[in-house]
Amino acid sequence: MPKKRSGGGLSPTQQAAKFLGVSVLAGAVLAGIALPAVGALGLAAKGSVESFDELPANMKTPPLSQRTTILDADGGHIATVFSRDRTVVDLKDISPYMQKAIVAIEDSRFYQHGAVDLKGVLRALNKNARSGEVAQGASTLTQQYVKNVFVEEAGDDPTKVAQATQQTIGRKIRELKYAIQVEEELGKKKILENYLNITFFGQQAYGVEAAARRYFSKSAKDLNVQEAALLAGIVQSPSRYDPVNDEAEATKRRNIVLRRMADVGDISRAQAAEAMKAPLGLKVSKPRNGCITATKGAGFFCDYVREVFLNDPVFGKTKEKRAKIWNQGGLTIRTTMDPQAQDAAQASIKDHVYKSDEVATAATLVQPGTGKILAMGQSRPYGFGKNQTQINLSVDQSMGGGMGYQPGSTFKPIVAAAALEGGMPANKVYSSPYQMPYPSPVSACDGKRWVNDRDDPAKLENENESEVGPYDMKEATAKSVNTYYVQMISDIGICPVTTMAKKMGVVRADGDKMPQVPSIALGTQEMSPLTMANAYATFASRGMHCTPVAIESVTQRVGDQKKSLQVPKSTCSRAMSEKTADTINELLKGVVEDGTGKKAGLGSRPSAGKTGTTDERYAAWFVGYTPNMAGAVWVGDPAHKRKMINITIGGRPHDKVFGGEVPGPIWGDMMNGALEGKPVEEFNTVHIPDGIDRNRDRGDGDDGGDGGDGRDDGDNGDNGNGGTVIGGLVGGNNGGGGDPFPTPSFSIPEGFFRGQDNGGGNGNGGRFG
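The shown structure was predicted, so the numbers you read here are calculated from the model rather than taken from an experiment. (Residues numbered from 1 in each chain as written. Predicted model: local features only at pLDDT ≥ 70, side-chain atom pairs only at ≥ 80, totals over all residues. Heavy atoms only, no water.)

### A closer look at the pattern of salt bridges
Here is step 1: Across all of its chains, the model carries 26 salt bridges by this definition.
Here is step 2: Across the salt bridge formed by Asp343 and Lys296, the nearest N and O atoms sit 3.2 Å from each other. Taken together, the residues span a long stretch of sequence, with Asp343 in helix H16 (residues 339-352) and Lys296 in the loop between helix H13 (269-277) and helix H14 (299-311) at a distance of 47 residues.
Here is step 3: Salt-bridge contacts for Glu463 lead to Arg617; the nearest nitrogen and oxygen are separated by 3.2 Å. (Salt bridge = Lys/Arg side-chain N within 4 Å of Asp/Glu carboxyl O. Helix = DSSP H or I, 4+ residues; strand = E, 2+ residues; numbered from the N terminus.)

### Let's talk about the packing of helix H4 (residues 96-106) against helix H12 (residues 247-263)
Here is step 1: Where H4 meets H12, the axes come as close as 9 Å, and the angle between the chain directions of the two elements is 95°. The orientation of H4 relative to H12 falls into the category roughly perpendicular. Along its contact with H4, which presents Tyr97, Lys100, Ala101, Ala104, Ile105 and Glu106, the element H12 presents Arg253, Ile256, Val257, Arg260 and Met261.
Here is step 2: Here the contact of H4 with H12 is built from residues that sort into seven nonpolar, no polar and four charged. (Axes fitted to C-alpha atoms, helices over the stretch in contact; angles between N-to-C directions. Parallel < 35°, antiparallel > 145°, perpendicular 65-115°, else oblique. Contact = heavy atoms within 4.5 Å. Nonpolar A, V, L, I, M, F, W, Y, C, P; charged D, E, K, R; others polar.)

### Points about the environment of Thr498
Here is step 1: Relative to the helices and strands, Thr498 resides in helix H20 (residues 495-503).
Here is step 2: We classify Thr498 as buried; its relative accessible area is 13%.
Here is step 3: Residues Thr498 and Gln516, 18 residues apart in the sequence, show an inter-C-alpha distance of 7.7 Å.
Here is step 4: If sequence neighbours within four positions are ignored, Thr498 has contacts with Cys445, Met514, Pro515, Gln516 and Ile520. (Buried < 20%, exposed > 50% of the residue type's maximum accessible area, 1.4 Å probe, protein only.)

### Focus on the confidence of the model for the protein
Here is step 1: Mean pLDDT over the protein works out to 81, with 77% of the residues at or above the 70 mark.
Here is step 2: The low-confidence segment residues 1-57 (pLDDT under 50) makes 83 contacts with residues lying over four places distant or belonging to another chain.
Here is step 3: Contacts from residues 698-726, a stretch scored under 50 in pLDDT, to residues over four places away or in other chains number 145 contacts. (pLDDT = per-residue confidence, 0-100.)

### Description of the environment of Arg306
Here is step 1: Along the chain, Arg306 falls in helix H14.
Here is step 2: As a C-alpha pair, Arg306 and Cys291 span 15 residues in sequence and 9.0 Å in three-dimensional space.

### Quick notes on the pairing of strand S4 (residues 360-366)
Successive residues of a regular strand alternate their side chains across the two faces of the sheet.
Here is step 1: Across the seven residues of S4, seven count as buried, placing the element largely inside the fold.
Here is step 2: Strand direction decides the pairing type here: S4 and strand S18 (residues 629-636), joined by seven bridges, are antiparallel. Within S18, the residue paired with Thr361 across the bridge is Val635.
Here is step 3: Note: S4 against strand S5 (residues 373-378), five bridges, orientation antiparallel. Its bridge partner being in S5, Ala362 is matched across the sheet by Gln378.
Here is step 4: In textbook terms, the turn of a hairpin is the stretch between consecutive antiparallel strands, and for S4 and S5 this stretch comprises six residues, one of which, Gly369, has a positive phi near 85°. (Pairing = 2+ DSSP bridges.)

### A closer look at the nonpolar core
It is characteristic of soluble globular proteins that their nonpolar side chains tend to be buried jointly.
Here is step 1: Judged by nonpolar contacts, the single largest core of 98 residues is most densely connected at Phe411 and Tyr625.
Here is step 2: Listed in part, the 56 residues of the second largest apolar core include Val88, Ile105, Leu192 and Leu230. (Core = buried A, V, L, I, M, F, W, Y, C linked by side-chain atoms within 4.5 Å.)

### Looking at the packing of aromatic side chains
Here is step 1: The full count for this structure, using the stated rule, is 15 aromatic pairs.
Here is step 2: Members of the aromatic cluster, each reached through a chain of ring pairs, are Tyr536, Phe539, Tyr625 and Phe683.
Here is step 3: Of note, Lys188 hangs over the ring of Phe110, and the distance from its end group to the ring centre comes to 4.4 Å.
Here is step 4: Above the plane of the ring of Tyr430 lies Lys428, whose end atom (NZ or CZ) is 5.1 Å from the centre. (Phe/Tyr/Trp six-rings, centres within 6.5 Å; stacked < 30°, edge-to-face > 60°. Lys NZ or Arg CZ within 6 Å of the ring centre and 35° of its normal.)

### Things to note about unusual backbone geometry
Here is step 1: Pro441 follows Ser440 through a cis peptide bond whose omega is -5°.
Here is step 2: Examined against the element boundaries, Pro441 turns out to sit in the loop between strand S7 (435-437) and strand S8 (442-443).
Here is step 3: Look at the link from Gly469 to Pro470: it is a cis peptide, with omega at 10°.
Here is step 4: Along the chain, Pro470 turns up in the loop between strand S10 (459-462) and strand S11 (471-472).
Here is step 5: Phi angles above zero are rare outside glycine, and Lys296 is one such case at about 60°.
Here is step 6: The exposure class of Lys296 is partly exposed, given its relative accessible area of 32%.
Here is step 7: Backbone geometry at Asn387 places phi at a positive 60°, although glycine is not the residue there.

### Description of the side chain of Thr142
Here is step 1: By secondary structure assignment, the location of Thr142 is in helix H6 (residues 141-154).
Here is step 2: On the basis of relative accessibility, which here comes to 0%, the residue Thr142 falls in the buried class.
Here is step 3: Those residues within four positions of Thr142 in sequence are excluded, and the remaining contacts are Phe110, Ala179, Val182, Glu183 and Ile191.

### Concerning the pairing of strand S19 (residues 645-649)
Here is step 1: Sheet topology note: the S19/strand S20 (residues 652-656) ladder contains four bridges and is antiparallel. The residue of S20 that forms the bridge with Thr648 is Pro653.
Here is step 2: The turn linking S19 back onto S20 is made up of two residues, and Gly650 within it adopts a positive phi angle of 60°.

### Some words on the state of the cysteines
Here is step 1: Within the structure shown, the criterion is met by three disulfides.
Here is step 2: What pairs with Cys445 in a disulfide is Cys495, and their sulfur atoms sit 2.0 Å apart. Here Cys445 and Cys495 share a disulfide; its torsion about the S-S bond, 100°, makes the bridge right-handed. Within this pair, whereas Cys445 is found in the loop between S8 and strand S9 (449-451), its partner Cys495 is found in helix H20, the two being separated by 50 residues in sequence.
Here is step 3: Given a relative accessible area of 22%, Cys495 falls into the partly exposed group.
Here is step 4: Disulfide pairing is shown between Cys546 and Cys572; the S-S distance is 2.1 Å. (Disulfide = S-S within 2.5 Å.)

Below, the structure is given as structure tokens:
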């Protein structure tokens, strides 16, 4: 390798480089080689040619974009995603025929000349002068490699790509200088390796390994002579010589490459003649890219992983930086997805809800104490066709989901936890009549009060007229008595409930703030299945809430090196005391033992959970857990149009759908499959004394009740608009009164989901069970 002279002057290579640069600047010699006549293209040297000496000394070489592989927790393949389909390989893993073919057709004197081939320059000048156009270029393989680096650095930005390929003298000079640098630093073998890994071969294939797999379904190291010649011929014009779309043109080009290989002595004339007679022998593999290719029905989990990567600052301070890393690829992402749990979720979903049904289901499993998302599935597959969707029904809107669904009575345990944390005894008794008006006033945060100030206050009622109190907490929870829980939140106030919800990670799916209204006790605020599963995992882990995580580790390949990237970590904090969590567990065990969730029981394995059915039966839920796994199942119409009355789901007719009837069995089958072979763990036992005599005669309805008229509750009064259909906040800075039929607080974009009818997100009314 030429070195700098000891006296501090330029080396022979550097002198030649400067001489060449000056020559270009003075006479635009290369403009006659790589460009048509300057006047013909309207190109002007003035202002377009940088001083050769002023160009940066080192060329920025971005890592090549590659495939990203997403794996499950056991290392099994979930999906492959890429901006550019490329797998970087060493030169030793590329067929010798391929190496010879690309050199023969693109730069046959590659091993004899330096960064610039002067003989090639003169030859091209002569031919172009005689033809009056650019009939032949003089770019060496090294110069082509440098140009490809510029294109790679431009990424998917069309403006930058145009700048990287524009026909200007300035770009050619920049290309020349960096070609000289590359020749000195890398050497011929490495340049050839880099070139074969960076260049585009058509059909979305970047690099020879991807090309070999695309056209011949084999590795680049196994290419024979005619296959190598075909790929080498494509490089000059991937669209013109595309063998998939123009076999005849591709064959002609292949044979030109074979003849050239014979001319330079890489193969014999006889070998070339025999290879020319061979058919193209294509065995095309279609590009398989993106979450649509995910195995185990994990397309939505895959999409959630992508959303996490693009949104979490741990992967880059700005969205642009995160997107650049993602598009760069070369990542191996090991996720938290448990293959057994995912299989169980999809199998249960498939058995109970068909993708062609009028309604859909979504299910999510979370590990208590770690926040790891173990499974995520839904009945409508990931895709673009009929009965398919790209919207993840399990997650919040900001992570690729919809606007959520009212969880109904599955929210009640959060109210109970807030009450217990505040000192309420677990055997608290309320009168719990069949029907009652919302109590008023009810204390809220910041010293405010919610007031039901209508002349004719709306009422709520239980599911069945036979559900008449008094009830204590255990029986009211098992039977999901609406009036009991409204009396409870009216007693303790709204603020402790919204505070407990926040500690448990319970937020609205659309990102809006939880309103200060007592109807939240009945589950009027739209949530996602992931949110509810993760909230119940807090009960299972005895009061410790851990934020959900989907990624275990990320390894990035940059060139020949691999490095580990930081990943988001679950943050765990105490949401409630162990005593409170243990008491909730005892209450919710009663739901599956002799309450509304009997059909969701897991036999001898201890479990706990809660049913939920919303007004008009637009949605039904079961959310439950064991000490080592928590899961949520939602069933409903994502568009919120089909009531689940007189409906067939999964081939089974239903007069009315309840949370314990359809979601419950889905949850039970999913959990049984996910937990098969895993240890049977017990809950910490808590004794809850009876608050009343349980021997009295009482009706056993499913769950739910009517929470009023279902209208939107309007503004909560924080900004002076206190009054609503059933009242509003008073005190502090809010005002009283207000429109009894307010306009919904936000519009509903087409294609997003609502969890209740009439467009209301803060309504007091609705049937919840």
